[in-house]
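# Structural overview for review
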Amino acid sequence: MNYRRLTPSMSLLLAFEAAARHESYTRAAQELSLTQSAVSRQVQSLEALLGITLFRREGRNIVLTDVGRLYLRELEGALTQIRKATLQAVAFGSGVGTLRLALLPTFGSKWLLPRLNDFYAANPGVQVHIHSRIQAVDFDEGEIDAAICVGSPDQPGLVVHPLVDEAMVVVASPLTFGEGRAVAPEVIAEQVLLQVASHPPLWAEWFVRHGLAPERMRGGPNFELTSHLIQAVRAGIGVGLVPQLLVEDELRQGHLLAVGQPIPSQRTYCLVYPPRNAVLPSLEAFRSWLLQSSSKRN
């Protein structure tokens, strides 16, 4: 038996795995920092070595054959084990693991960072590098290991761990209405309504929920960051509809007043990452701590 045929080189296997995962030589080449022709040649060399056809052409696209799909399924598990073993060896040898984490800025400053010292106390060998992101993270670029974002827990192609359900609350400066005063929805509707530009039309939904015509809305300034909106509300510029967990400090300290009861937004804060990153020792440690921390809150 030709054992060389049964143990192709890692470069051939990586080229095939990336091309199969993306069903694209171009995207595989970008991921592997190779040219498209180099990836294509490596896949062809693997096919010649194995004596099987792994892809077929459909126009300008490549599609896995049945045997190619079978080979990919078996190969992914083996590559995952190799990566895990390598990462564990590197982390053990250096004594320090790193995690590149993308965060919504206000969620990071208001929710995660005040708790992060507990993580470091339990995991002194891990460093979490924080990257602020407002838009969705493209994990294929390789700059981010994991992210905490808000949205639907259903995100195909990613591992998703729900953390905290989002509830929205109307907040105002104590000077706007006066502490302890009951405020009717009709009175809120007359105020300047502040919102975050990237959020869904939450005020329109709030109006409909309270039986008010959305046409009555007095749209105010938009903000890129929730933290800026919160400061604008504190300054008395208008009222805001914000995630309750991001204004808990201001409500407790009396800098803001909650007007009415919180309402669910149908969105959830989630830890997300591509399946290939699940083997990172730093991510394993952070995930375990984060899920435990968020469960205490819930």
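Remember, it's a predicted structure, so these values are computed and weren't measured experimentally.

## Topic: the domain arrangement of the chain
Each assigned domain of the chain is listed here: domain 1 (3-93), domain 2 (95-164 + 268-295) and domain 3 (167-264). Put simply, the middle of domain 1 and the middle of domain 2, counted by C-alpha atoms, are 28 Å apart.

## Focus: unusual backbone geometry
The phi angle at glutamate 23 is positive, at roughly 50 degrees, despite the residue not being glycine. Note that glutamate 23 resides in the loop between helix H2 (10-22) and helix H3 (25-32). Judged by relative accessible area, glutamate 23 falls into the partly exposed class, the value being 34%. In this model, glutamine 266 sits at a positive phi of 70 degrees, which is unusual for a non-glycine residue. Position of glutamine 266 relative to the elements: it lies in strand E10 (residues 257-273).

## So, the UniProt feature "domain: HTH lysR-type" (unreviewed entry) in the chain
The sites that UniProt annotates as "domain: HTH lysR-type" (unreviewed entry) are residues 8-65. Secondary structure content for residues 8-65 is 62% helix and 14% strand, while the C-alpha to C-alpha distance between its ends is 19 Å.

## Comments concerning the packing of aromatic side chains
Evaluation of the coordinates by the stated rule reveals 11 aromatic pairs. Ring geometry for phenylalanine 107 and tryptophan 111: centres 5.1 Å apart, planes at 20 degrees, overall stacked. In this pair, phenylalanine 107 and tryptophan 111 both sit in helix H6 (residues 105-122), 4 residues apart, roughly one turn of the helix. The exposure class assigned to tryptophan 111 is buried, which follows from its relative accessible area of 1%. Over the ring of tryptophan 111 we find arginine 115, and its NZ or CZ is 4.2 Å from the ring centre.

## A short note on the environment of glutamine 127
Of note, glutamine 127 is situated in strand E4 (residues 126-132). According to the relative accessible area criterion, glutamine 127 is partly exposed, its value standing at 40%. Between the C-alpha atom of glutamine 127 and that of serine 282, which follows or precedes it by 155 residues, the distance is 8.0 Å.

## As for the pattern of salt bridges
Taken as a whole and judged by the stated rule, the model has 8 salt bridges. Of the charged contacts, one joins aspartate 66 and arginine 69 as a salt bridge, the two residues approaching to 3.3 Å between their closest N and O atoms. Linking aspartate 66 with arginine 69, this pair stays in helix H5 (residues 66-94), spanning 3 residues, or about one helical turn. Note on aspartate 66: relative accessible area 63%, which makes it exposed. By relative accessible area, arginine 69 is classed as partly exposed at 39%.

## Examining the environment of serine 294
Mapped onto the elements, serine 294 comes out in helix H12 (residues 281-297). Linking serine 294 and alanine 278, residues 16 residues apart in sequence, is a C-alpha distance of 19 Å. If sequence neighbours within four positions are ignored, serine 294 has contacts with Trp111, Leu163 and Val164. From its side chain, serine 294 meets the backbone oxygen of leucine 291 in a polar contact 3.1 Å long.

## Structural notes on the sheet that holds E4
Strand order in the open sheet made by the 8 strands is E4-E3-E5-E10-E6-E9-E7-E8, with mixed pairing throughout. Since the sheet does not close on itself, it has two edges, and those belong to E4 and strand E8 (219-223), each with one partner. Going across the sheet, the axis of each strand differs from the next one's by a mean of 25 degrees, ignoring polarity. Bridge analysis of strand E3 (residues 97-103) against E4 gives 7 bridges, and the strand direction is parallel. What sits directly across from arginine 100, in E4, is histidine 129. Running at roughly 100 degrees to strand E9 (residues 239-243), helix H9 (residues 202-209) makes contact with strand E6 (159-172), strand E7 (193-196), E9 and E10 of the sheet.

## Quick notes on H9
Here H9 has its buried residues at Leu202, Trp203, Trp206 and Phe207. For H9, the angular spread of buried residues about the axis comes to 140 degrees, placing them on one side. Those residues of H9 that are exposed and aimed more than 90 degrees away from the buried face are Val208 and Arg209. Residues of H9 that are buried make contact with E6, helix H8 (185-189), E7, E9 and E10. Glycine 211 occupies a position one or two residues after H9 and carries a positive phi of about 70 degrees.

So, how was this worked out
Residues numbered from 1 in each chain as written. Predicted model: local features only at pLDDT ≥ 70, side-chain atom pairs only at ≥ 80, totals over all residues. Heavy atoms only, no water. Domains from an automatic or database assignment. Helix = DSSP H or I, 4+ residues; strand = E, 2+ residues; numbered from the N terminus. Buried < 20%, exposed > 50% of the residue type's maximum accessible area, 1.4 Å probe, protein only. UniProt positions renumbered as here; feature names shortened; annotations may be inferred. Phe/Tyr/Trp six-rings, centres within 6.5 Å; stacked < 30°, edge-to-face > 60°. Lys NZ or Arg CZ within 6 Å of the ring centre and 35° of its normal. Salt bridge = Lys/Arg side-chain N within 4 Å of Asp/Glu carboxyl O. Contact = heavy atoms within 4.5 Å. Polar contact = N/O pair within 3.5 Å; in protein donor to acceptor, adjacent residues only side chain to side chain. Pairing = 2+ DSSP bridges. Axes fitted to C-alpha atoms, helices over the stretch in contact; angles between N-to-C directions. Arc of directions from axis to C-beta.

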